[in-house]
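What follows is the residue order along each chain.
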Amino acid sequence: MTANPKSNSGNFFEDFKPGDTLIHATPQTVTEGDLALYRALTGSRYAQYSSAEFAKAAGLPGLCADPLHAFHIVFGKSVPDVSLNAVANLGYADGRILRPVLPGDTLRAESQVIGVKENSSGKTGVVWVRTKGVNQRREEVMSFVRWVMVNKRDAASPAPEEVVPQLPEAVSPQDLTGYPEMKSWPFAQAGSRHVYEDYTVGERINHINGMTIQEAEHQITTRLYQNTAKVHFDFHSQKESRFGKRLIYGGVVISIARSLAFNGLENTGQVLAINAGTHVGPLFAWDTIYAWSEVLDKAELTETAGALRLRLVAVKDQNPGAFAYKDAAGKYAEGVLLDFDYWAAIPRAR
Amino acid sequence: MTANPKSNSGNFFEDFKPGDTLIHATPQTVTEGDLALYRALTGSRYAQYSSAEFAKAAGLPGLCADPLHAFHIVFGKSVPDVSLNAVANLGYADGRILRPVLPGDTLRAESQVIGVKENSSGKTGVVWVRTKGVNQRREEVMSFVRWVMVNKRDAASPAPEEVVPQLPEAVSPQDLTGYPEMKSWPFAQAGSRHVYEDYTVGERINHINGMTIQEAEHQITTRLYQNTAKVHFDFHSQKESRFGKRLIYGGVVISIARSLAFNGLENTGQVLAINAGTHVGPLFAWDTIYAWSEVLDKAELTETAGALRLRLVAVKDQNPGAFAYKDAAGKYAEGVLLDFDYWAAIPRAR
Amino acid sequence: MTANPKSNSGNFFEDFKPGDTLIHATPQTVTEGDLALYRALTGSRYAQYSSAEFAKAAGLPGLCADPLHAFHIVFGKSVPDVSLNAVANLGYADGRILRPVLPGDTLRAESQVIGVKENSSGKTGVVWVRTKGVNQRREEVMSFVRWVMVNKRDAASPAPEEVVPQLPEAVSPQDLTGYPEMKSWPFAQAGSRHVYEDYTVGERINHINGMTIQEAEHQITTRLYQNTAKVHFDFHSQKESRFGKRLIYGGVVISIARSLAFNGLENTGQVLAINAGTHVGPLFAWDTIYAWSEVLDKAELTETAGALRLRLVAVKDQNPGAFAYKDAAGKYAEGVLLDFDYWAAIPRAR
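Note that this is a predicted model, so its numbers are computed, not measured.

**Quick look at the overall build of chain A**
Helix and strand counts for chain A stand at seven helices and twelve strands. For chain A, whose C-alpha radius of gyration is 20 Å, the value lies close to the compact-globule estimate of 20 Å for 350 residues. If one aligns the C-alpha atoms of chain A with their principal axes, the spans along those axes are about 65 × 45 × 40 Å. Sequence separation of at least 24 residues holds for 79% of the intrachain contacts in chain A that already meet a minimum separation of 6.

In structure tokens:
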């Protein structure tokens, strides 16, 4: 690329070697400004991420960034090195939220290549990376695996030796960490009295409300995380793309759906782990996101705190009370946007 | 509602009992991030809410939230309990701004039901609530009455005993509080030399400028206050509504109109009381807001500070210099959006 | 203007007298909220303006406002007095960035009229002002000259004596100030290893990426700087204007183009001086901004720090790799938006 030696055109499939570590650019100090923007852009109402008083009452160190906010920041930093030439963001696994991110903390990110597999077409391959976010005290605040389909620079280049990582179906409850004791929990201010014991495995919850996303909203949100992937921003070049328009960053869907899930899951604000996630369908401006949840599993953490394993399903332009999901053959129903499997902390009955 | 026992579908007319207290969810810590967003979203230029140095020179404790910003936050918290099933937000009265809200303060809100009256249709009723905002020191920072028309859950349910509160036409000047001495006031930096004595009762001011609102702007603003009423967000369901589109939150109109009112009322930044307010007509994206004001009354507060009682009228897509308002029969002119009556502090001649 | 004596209709050409000083309204305390918004609205990724840790490692006092952010704030304050009746913003010169702006600092602005020249039409004139930004310690943080074409109030009023200031073609490298030692510079986190010595005069860099701007984005950005010029906001009145729509504030183009320039100029985040700038063509919502740069000059500052004089060219809806600029006659190519000449600090080889 002698014609343009200083600009970054991103890595191609051939550039990823298992074992390599990629140090991602642009560490970011997370401030109260970021937190206010996250709230205003997603509509989040979980009390421990809205009120410093509530957070402290619940046993957290103070007002911190929503774990999904921190996740998007760490993810965003990995984009220029991992997915600038990605065809698709295929999935997440083994995501662990390890430490709170407080205003003033600075996050940086790095990724290790843990798998590569060329596709049969010979034009693309799948790359697995484990990305971790680290704060200014060199403490790991989170870690997750994601895999993406990436273009080859040259279809004629030989296929690398196949390395496919073994990934857990879900984070084990014993590995959950970073939750407060939840000995005190101001239920009235949280918006619900429903505790761990009130939820049953298999239960489905219709979150009712919908939110229609505009171009300006998803662009501001995605830049908040310093994710500047061109599919989300450059309408001129996207006119020639498959969809003919800009694709909304999948992280926008995750956070809006989680904010909608407040209605019925008010006390589950703290995400502890991301077990799996698939961006099933594309979202565009003027689409309306709705969400429903299913309780997949439960785990007692302490005498006063439990965890729910939840499936969060986002759908577009349809009643979430229809609980659209998959058919018997495993094919997702029309309009499903997101299938997201996570653990969240919840107070127990007292 | 056994089909969906965990989600909140809001209260209906039958649920409101005079004397009941509703504790609203999601306390919110107001940060410098919120203040910056309020400024960027409304275009406010009142010096005491823009500059910490000016605020201190003027006798305030420092940079605080614009009182209307705090009002929208407290209002927003009441929405899920009071107006989720509202047909119309009918009015405000007796609004008292009691204490400044500084960055770091946490606001929570509660409402007392003070009146109910079923409408003759038998399908709806009017509910009056007094909502108050309280900070983390349990100090009341504001209090206001609003009344809304709410759907009945069941048209067949019997009408409640009618309770209609007596409300003052305006807050009495003796009850105004929380204004600084205004002994020093950096006039050049405030943008105007006009003081209390320069304004006369009956005087009307054309604020000239206009601002066109976009979908993304009103959504971000409304979420900043954690007001998530679906009429403002869910385009998919609003397509079937009376207007066929999303309605902009009335608080957006109030704050944009007040920001436009800077041009001619530069030294009146601090709202002390909300006497009355009516959302006369709906606002939609791409509409342009203009504003004019009328001086309704004046009151000397101290040797150096006075208060103006002002009517702020917002109109859409028309020259505010035409001063469109009401006809002799009391019917509002075409294009009037807002009729808002408030007291604001202003320095006196020195 | 007795009909509307309290509102500001702005100054006309006749109102500007060389030697006069204009004190601009609304000092602004710059907070972490402003910095987060600037990042989310522009997509800036320069490490020293994103991470407090990086900033300190690089020798800066901490996380500060991007110098262009501070420039837009100071510029915005001058608009109501200087350019409310401007027909065109003609250029910038001799812009000096003197001191960092840290969160908590309050900026105010004043301008001195340094030149006036009536145009041959007799309907407009050119006004030159030197605007400076001052912090709460009365320290000058920046200073720049700009000139605008302003309408006359009355075409019949006599032409003033012509005063045309002498302006330098560029700020001299000896006058550059406010750069850190850059003894330590965490290159991996900055996103590039390219240093002063890697850039050659005449070299051109294609920044590749594009960003499409929406109405809501430019309005929020422009209000962040408290610039409320009606051409950017009032769609209703702009329907009757030359373009039939709202014009995007030129400062939006400058900052988006600089953010795009990160790709190839990662280590040049700190702007030290603005030598010249011309807004060549108008930008509207849905246009996509691309950018390319040319190295115009180089200067060694210390053993560890250098400066690059860069031309930043923003173009719309076209491949920036075509390096569209001017023809031999000096006429700008179709689609050029901005021609911006500045000095930026960069670490030297070590």
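We are not done yet, so read on.
**Considerations on the interface of chain A and chain C**
How big an interface is tends to be stated in terms of accessible area lost as the parts join. Contacts between the two partners involve 35 residues from chain A and, on the opposite side, 39 residues from chain C. Among the elements of the structure, strand E2 (28-29), helix H1 (32-42), strand E4 (106-118), helix H5 (215-224) and helix H6 (235-238) of chain A are those that each provide at least two residues to the side of chain A that touches chain C. Per-element accounting of the side of chain A that touches chain C gives the leading share, six residues, to H5 of chain A. Grouping the amino acids of the side of chain A that touches chain C by side-chain chemistry returns ten nonpolar, 17 polar and eight charged.

**Notes on unusual backbone geometry**
Phi at Asp94 of chain A is positive, roughly 50°, even though this residue is not glycine. For Asp94 of chain A, the position within the fold is in strand E3 (residues 86-97). Of the residues examined, Asp94 of chain A has 20 C-beta atoms within 10 Å and is grouped as buried. Phi at Trp286 of chain C is positive, roughly 80°, even though this residue is not glycine. With respect to the helices, strands and loops of the structure, Trp286 of chain C is situated in the loop between strand E9 (271-279) and strand E10 (288-300).

**Details of the confidence of the model for chain A**
Averaged over chain A, the pLDDT score is 96; the fraction of residues at 70 or greater is 99%. What the predictor reports for the complex is a pTM of 0.97 with an ipTM of 0.96.

**A short note on the pairing of E9 of chain C**
Residue and element names in this part refer to chain C. With respect to burial, E9 is a largely interior element, seven of its nine residues being buried. Of the pairings in the sheet, the one linking strand E3 (residues 86-97) to E9 comprises four bridges and is antiparallel in character. Pairing of Tyr92 across the sheet is with Gly277, part of E9. Note that E9 and strand E12 (residues 336-347) share seven bridges and pair antiparallel. Note on E12: the bridge partner recorded for Ile274 is Tyr342.

**Here's the deal with the relation of the copies chain C and chain B**
Structural alignment of chain C on chain B gives an RMSD of 0.0 Å, achieved by rotating through 120° and translating 0.0 Å along the axis. Both copies of the chain, as the preceding transformation shows, are related through a three-fold rotation axis. Among all C-alpha atoms of chain C, that of Gly33 of chain C lies closest to the rotation axis, at 2.2 Å. Of the interface residues in chain C, just 20% have counterparts in chain B that sit at the interface too, so the contact is made through distinct surfaces.

**Considering H5 of chain A**
Because an α-helix completes one turn every 3.6 residues, residues spaced three or four positions apart along the sequence face the same direction. Most of H5 of chain A sits out of view: ten of its ten residues are buried. Contacts made by the buried residues of H5 of chain A are with H1 and helix H7 (250-260) of chain A, helix H5 (215-224) of chain B together with helix H1 (32-42) and helix H5 (215-224) of chain C. The first or second residue beyond H5 of chain A is Gln226 of chain A, which carries a positive phi of 60°.

**Focus on helix H3 (residues 67-82) of chain B**
Counted at 1.5 Å a residue, the expected span for H3 of chain B with its 16 residues is 22 Å, and the 22 Å between its end C-alpha atoms agrees. Summarising burial for H3 of chain B: 16 of the 16 residues are buried, a large majority.

**Focus: the interface of chain C and chain B**
Counting residues at the interface gives 35 residues for chain C, matched by 41 residues for chain B. Among the secondary structure elements, those contributing two or more residues to the side of chain C that touches chain B are strand E2 (28-29), H1, strand E4 (106-118), H5 and helix H6 (235-238) of chain C. Here the side of chain C that touches chain B takes six residues from H5 of chain C, the largest share from any one element. Classifying every residue of the side of chain C that touches chain B gives ten nonpolar, 17 polar and eight charged.

**Here's the deal with the packing of helix H3 (residues 67-82) of chain A against H7 of chain A**
All names here are of chain A. Viewed as axis vectors pointing N to C, H3 and H7 meet at an angle of 180°, and their least axial separation amounts to 11 Å. Considering the angle they form, H3 stands roughly antiparallel to H7. On H7, the residues touching Leu68, His72 and Phe75 of H3 are Gly251, Ile254, Ser255 and Arg258.

**Observations concerning the environment of Phe12 of chain C**
Residues and elements named next belong to chain C. Following the sequence through the fold, Phe12 ends up in the segment before strand E1 (21-23). Given 18 C-beta atoms within a 10 Å radius, Phe12 is considered partly exposed. Those residues in contact with Phe12 that lie beyond four places of it in its chain are Asn85, Val150, Asn151, Lys152 and Arg153.

**Considerations on the packing of H1 of chain A against H5 of chain B**
Where H1 of chain A contacts H5 of chain B, the axes come no closer than 7 Å and their chain directions differ by 115°. The way H1 of chain A lies across H5 of chain B gives a crossing that is right-handed. In this structure, H1 of chain A contributes Arg39, Ala40 and Leu41 of chain A to the contact, and H5 of chain B contributes Ile220, Arg223 and Leu224 of chain B. Each residue belonging to the contact of H1 of chain A with H5 of chain B can be placed in one class, and the counts come to four nonpolar, no polar and two charged.

Criteria and thresholds
- Residues numbered from 1 in each chain as written.
- Chains lettered and ligands numbered in written order.
- Predicted model: local features only at pLDDT ≥ 70, side-chain atom pairs only at ≥ 80, totals over all residues.
- Helix = DSSP H or I, 4+ residues; strand = E, 2+ residues; numbered from the N terminus.
- Rg over C-alpha atoms; globule rule 2.2 N^0.38 Å.
- Contact = placed C-beta atoms within 7 Å.
- Nonpolar A, V, L, I, M, F, W, Y, C, P; charged D, E, K, R; others polar.
- Buried ≥ 20, exposed ≤ 12 C-beta atoms within 10 Å, placed from the backbone.
- pLDDT = per-residue confidence, 0-100.
- Pairing = 2+ DSSP bridges.
- Least-squares fit on C-alpha atoms with pLDDT ≥ 70 in both.
- Expected span 1.5 Å × (residues − 1).
- Axes fitted to C-alpha atoms, helices over the stretch in contact; angles between N-to-C directions.
- Parallel < 35°, antiparallel > 145°, perpendicular 65-115°, else oblique.
- Left-handed = near helix turned anticlockwise from the far one by under 90°.

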